[in-house]
Each structure stands twice: as structure tokens, then as C-alpha cells.
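Commentary on secondary and tertiary structure
Residues per chain are reported as follows:
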Amino acid sequence: SQTIHQWPATLVQPVGSPLSLECTVEGTSNPNLYWYRQAAGRGLQLLFYSVGIGQISSEVPQNLSASRPQDRQFILSSKKLLLSDSGFYLCAWSPTSFRDRGSRVYEQYFGPGTRLTVT
Amino acid sequence: DAKTTQPPSMDCAEGRAANLPCNHSTISGNEYVYWYRQIHSQGPQYIIHGLKNNETNEMASLIITEDRKSSTLILPHATLRDTAVYYCIVRASGGSYIPTFGRGTSLIVHP
């Protein structure tokens, strides 16, 4: 079965410090990978998604970046954190499958999340 | 992807059926209806999806109206652990890779 891991679970960082959050998926190959952020009491905001190694699409301009050095590894980084970067960061993956006469139907599976507090 | 409308909150007694509505009046023919839920401090969890036929799995049932402009997620016997925010999303097959999560419905199951 497939599993998705994220670490660390919680993180407290000062403003201006760097950030590196890691996400790995097991039990599948060539997944689509996603980074979301959820501010307190808000919905999920898509930050980045990737359809393959080295392929990153950014949804929102910001001081964050993402990389996919391996097929099942997705990293979220920042060189200098801002107070507004605080939030709940979620990594997700989705398979590519063909059902219903060739249509693609994507389900997403989320990791446990990292709660980041920038002080 | 089509926009969805959900009530911001609902409550349900434990052991009763929870019926969560979703309006997607602008849905197009190739768009699927997906439901996820997010328990507090956890990542969203996929529940079920459908195109036009009603669907059932071990977690829930999905009822889609004949005109496909609305749907209802049914938790047949709600438990306290079903307390969560429930998201209804519509997305096209073969289109954008990314579902857009709105505010969802906060379901509170009480004893």
C-alpha cells in the first residue's frame, strides 16, 4: 500500500531563518506531488505541484520554492522566512489512472502535515 | 473547474445519518464530483467521487441529482470521529491536475 511521510511534524523558526520541509511517498511510482498551506481557520492554498522529477509549477508568487530531486521526494524551502509563512503545510500525492473509457480521475492523498510557527 | 457551494456548518446526532449537501450548478459534462474531509490538525482525506451515478463505499454514499447540479454526501451512521470539515470539489477529467478546496462544511457530530 502507499504511504506518505512528512517531517518535521512541528517547527518553530525565527523570522529570516531558512526552511526545509520534506515529503516522501512510498509504494507508488511517478506520482503527482503537491504542497499546500493552510492558515489558521482558512482553506487550503495550493503552493506548488509537480508531475515529474525536476518539474515544478508554482501557483502563488512568494518567498517559498520547491524541488523534486527524486521521483517520490518533494521538498519545500525558503531562504528567509516571514511571519506570514506560519501555517499548516501539507504534502499530497495523486496517482495517474485511466478509468471510464480513458478519462483520468485523480484522487489526492495527504500527508500528516507540518505545523510551522514563525516567531 | 466548476464552483461549489456548501453550508458553512451542520450538526448531527451520533448514530444518525449525516446528509451534507453541495451545489454545483455550473458543472459541465466531463466534471467529476469529489468529496474530502479534514479532521482537525490532520491532512484532508479522500472520501468518494462520482460522475453521474450514485456511488457507495465503506465510508459514505454519494447521491448526484439527475441534472448533476447538486449532490449529497451521506454518512449513514455518524460517529463522533466523523466530526470534520467536509469539502465538495468538482474537477474535469484530463484537465487541471489540481482540485480547489473551498471553505467546506464543518460537521459536528454530538452525543
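Below: a short report on this structure. (Residues numbered from 1 in each chain as written. Chains lettered and ligands numbered in written order. Predicted model: local features only at pLDDT ≥ 70, side-chain atom pairs only at ≥ 80, totals over all residues. Heavy atoms only, no water.)

A few points about the overall build of chain B
Along its length, chain B carries zero helices and nine strands. Its helices and strands taken in sequence order, chain B reads β-β-β-β-β-β-β-β-β from the N to the C terminus. Taking 2.2 N^0.38 as the reference for a compact globule, 111 residues should give roughly 13 Å; the C-alpha atoms of chain B span a radius of gyration of 13 Å, in line with that estimate. Taken along its principal axes, the extent of the C-alpha atoms in chain B is 40 × 30 × 25 Å. Here the contacts in chain B between residues at least 6 apart in sequence split such that 57% fall between residues at least 24 apart. As presented, chain B carries roughly 5,500 Å² of accessible surface, and 50% of it is formed by carbon and sulfur atoms. Computing the positive centroid from 9 side-chain charges and the negative centroid from 9, chain B places the two 4 Å apart. (Helix = DSSP H or I, 4+ residues; strand = E, 2+ residues; numbered from the N terminus. Rg over C-alpha atoms; globule rule 2.2 N^0.38 Å. Contact = heavy atoms within 4.5 Å. Areas by Shrake-Rupley, 256 points an atom, 1.4 Å probe, with all protein chains shown as cover. Lys, Arg positive; Asp, Glu negative; His and termini not counted. Charge placed at Lys NZ, Arg CZ, Asp CG, Glu CD.)

So, the packing of aromatic side chains
Per the counting criterion, the structure on display carries 13 aromatic pairs over all chains. Ring centres 5.9 Å apart and planes at 90° place the aromatic pair A:Tyr36 and B:Phe101 in the edge-to-face group. In this pair, A:Tyr36 sits in strand S4 (residues 32-38) while B:Phe101 sits in the loop between strand S8 (84-92) and strand S9 (105-110), so the two residues belong to two different chains. Side by side, A:Tyr36 and B:Phe101 carry an identical accessibility label, which is buried. A ring pair is formed by B:Tyr36 and B:Phe101, whose centres lie 5.3 Å apart and whose planes are at 65°; its orientation type is edge-to-face. With B:Tyr36 in strand S3 (residues 31-38) and B:Phe101 in the loop between S8 and S9, the pair connects residues that are 65 residues apart, well separated along the chain. Assigned by exposure class, B:Tyr36 and B:Phe101 land together as buried. Connected via pairs of aromatic rings, a cluster forms that spans A:Tyr34, A:Tyr36, A:Trp93, A:Tyr109, A:Phe110, B:Tyr34, B:Tyr36, B:Tyr46, B:Tyr87 and B:Phe101. Across from the ring centre of A:Phe88, 4.4 Å away, lies the NZ or CZ of A:Arg115, which sits over that ring. (Phe/Tyr/Trp six-rings, centres within 6.5 Å; stacked < 30°, edge-to-face > 60°. Buried < 20%, exposed > 50% of the residue type's maximum accessible area, 1.4 Å probe, protein only. Lys NZ or Arg CZ within 6 Å of the ring centre and 35° of its normal.)

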